[in-house]
Amino acid sequence: MSEHRQGSVKQITSHSNPIVKEIKGLVAQRKHRSQSGLFVAEGLKLATDALAAGWGVRYLALGTEARDNPVAQKAAATAKARGALILEVSTAVMSAMTRKDNPQMVVGVYEQRMLSAKDIHPSGAALWVALDRVRDPGNLGTIIRTVDAVGGAGVMLVGDCTDPFAVEAVRATMGSLFHVPLAKISKDEFKALAGKWPGTVAATHLKGSVDYRSPDYTDPVLLVMGNEQQGLEDDMAAACPTLIRIPQVGQADSLNLAVATGIALYEIRRKHLEL
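Attention here is on the structure that accompanies the text. (Residues numbered from 1 in each chain as written. Predicted model: local features only at pLDDT ≥ 70, side-chain atom pairs only at ≥ 80, totals over all residues. Heavy atoms only, no water.)

Topic: the overall build of the chain
Phase 1 of the analysis: Regarding its fold elements, the chain presents 10 helices and 12 strands.
Phase 2 of the analysis: Projected onto its principal axes, the C-alpha coordinates of the chain cover approximately 60 × 35 × 35 Å.
Phase 3 of the analysis: Taking all 275 residues of the chain together, the buried fraction comes to 51%.
Phase 4 of the analysis: Here the contacts in the chain between residues at least 6 apart in sequence split such that 79% fall between residues at least 24 apart. (Helix = DSSP H or I, 4+ residues; strand = E, 2+ residues; numbered from the N terminus. Buried < 20%, exposed > 50% of the residue type's maximum accessible area, 1.4 Å probe, protein only. Contact = heavy atoms within 4.5 Å.)

The structure is reproduced here in structure tokens:
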């Protein structure tokens, strides 16, 4: 981890600066994110969302356009007051950090948050989504965003899932990453949770015989979704008392995972949502 004075400002003009290399590593490789416990989020909206939600910030890089932007300057002042190093960089350096020709004006490096199975205590009208081996970061980010939209309690990542802190996943959440708790759990931990869940445990499954619009969805609800290619593993499906299916009448053989999750979530939350 690069040494720096907390709550200070540093101008960076070189692509070979150690902090630039550090951020590039966080963008490019999961192992760097896992080892450091940090991740990168691009854009002013995500910066303001992260700061408003109280997430720890290590660096906040400001491009040329951000220097005259009052919202960006306010975010920088907040981040600096919390001990972050503020980086003033050129467009070329910002492009190098983010691997993009047209980078955002603000890029932040934040501290990861991840719950474990023991942190999950379902009650009331809580709605959790459990994802079995989700592979696509865009799907995962979109699901996190949709869970946020319906007022869900969180997302469980079961088994070997894609990294929710990958830049592509973070971008797809549109800031909802900072509002939706995530939990990393094993398959055995999932089965234990499902076995003692106080409300409805429903999973979408090709063998499902229940129309997804039929159950009462007694709160709290656990919605379980399978892998994009293989669906839900049989032993996980066996742990779910209600197997639901979304009707299809066209020639498509399946729905996109994020779309199917969104359809189910809005049906489950129907009684809690109103304009």
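Further notes follow.
Observations regarding the sheet that holds strand 5 (residues 106–111)
Phase 1 of the analysis: Read from one edge to the other, the open sheet built from five strands follows the order 1-4-3-5-2, with strand pairing classed as mixed. Where the open sheet ends on each side, the last strands, each with one partner, are strand 1 (9–12) and strand 2 (38–42). Adjacent strand axes in the sheet meet at a mean angle of 20 degrees when their direction is disregarded.
Phase 2 of the analysis: Pairing analysis gives five bridges linking strand 3 (residues 57–62) to strand 5, with the strands arranged antiparallel. (Pairing = 2+ DSSP bridges. Axes fitted to C-alpha atoms, helices over the stretch in contact; angles between N-to-C directions.)

Topic: helix 1 (residues 18–28)
Phase 1 of the analysis: When we look at burial in helix 1, the residues that qualify are I19, V20, E22, I23, G25, L26 and V27.
Phase 2 of the analysis: Two or three places before I19, at the start of helix 1, stands the capping residue N17, its side-chain oxygen 2.8 Å from that residue's backbone nitrogen. (Polar contact = N/O pair within 3.5 Å; in protein donor to acceptor, adjacent residues only side chain to side chain.)

Overview of the pairing of strand 5
Phase 1 of the analysis: In terms of burial, strand 5 is largely enclosed, as five of its six residues are buried.
Phase 2 of the analysis: Judged from the five bridges that link them, strand 2 and strand 5 form a sheet pairing that is antiparallel. Counted as the bridge partner of A41 is G108 from strand 5.

A closer look at the nonpolar core
Phase 1 of the analysis: Counting residues in each nonpolar core, the largest one holds 52 residues, and the members touching the most others are F39, L60, Y110 and L131.
Phase 2 of the analysis: By residue number, the principal contributor to this core is helix 10 (residues 257–268), which donates six residues.
Phase 3 of the analysis: Those residues in contact with L131 that sit more than four places away from it in its chain are L140, I143, V155, M156, L157, V158, C161 and M225.
Phase 4 of the analysis: Judged by nonpolar contacts, the second largest core, of 21 residues, contains A117, W128, M156 and A237. (Core = buried A, V, L, I, M, F, W, Y, C linked by side-chain atoms within 4.5 Å.)

Focus: the packing of helix 1 against helix 5 (residues 91–98)
To characterise two packed helices, one gives the angle between the axes of the helices and the distance between these axes.
Phase 1 of the analysis: The interhelical angle for the contact between helix 1 and helix 5, taken along N-to-C directions, is 40 degrees, at an axis separation of 7 Å. Taken together, the axes of helix 1 and helix 5 lie oblique to each other. Along its contact with helix 1, which presents V20, I23, K24 and V27, the element helix 5 presents V93, A96, M97 and T98.
Phase 2 of the analysis: Along the lines of polarity and charge, the residues of the contact of helix 1 with helix 5 split into six nonpolar, one polar and one charged. (Parallel < 35°, antiparallel > 145°, perpendicular 65-115°, else oblique. Nonpolar A, V, L, I, M, F, W, Y, C, P; charged D, E, K, R; others polar.)

With respect to the sheet that holds strand 11 (residues 221–225)
Phase 1 of the analysis: With parallel pairing, the seven strands of this open sheet are ordered in space as 8-7-6-11-9-12-10. The sheet is open, and its two edges are formed by strand 8 (182–185) and strand 10 (210–211), each paired on a single side.
Phase 2 of the analysis: Where strand 10 and strand 12 (residues 242–245) come together, two bridges link them in parallel fashion. Looking across to strand 12, one finds that V210 is bridged to I244.
Phase 3 of the analysis: Against the sheet, helix 8 (residues 187–195) contacts strand 6 (127–132), strand 7 (154–158), strand 8, strand 9 (200–204) and strand 11, and its axis sits at roughly 115 degrees relative to strand 8.
Phase 4 of the analysis: Running at roughly 160 degrees to strand 11, helix 10 makes contact with strand 6 and strand 11 of the sheet.

What about the environment of K207?
Phase 1 of the analysis: Inspection of the secondary structure puts K207 in the loop between strand 9 and strand 10.
Phase 2 of the analysis: For K207, a relative accessible area of 62% gives the class exposed.
Phase 3 of the analysis: The spatial distance from the C-alpha of K207 to the C-alpha of R245 is 7.9 Å, given a sequence separation of 38 residues.

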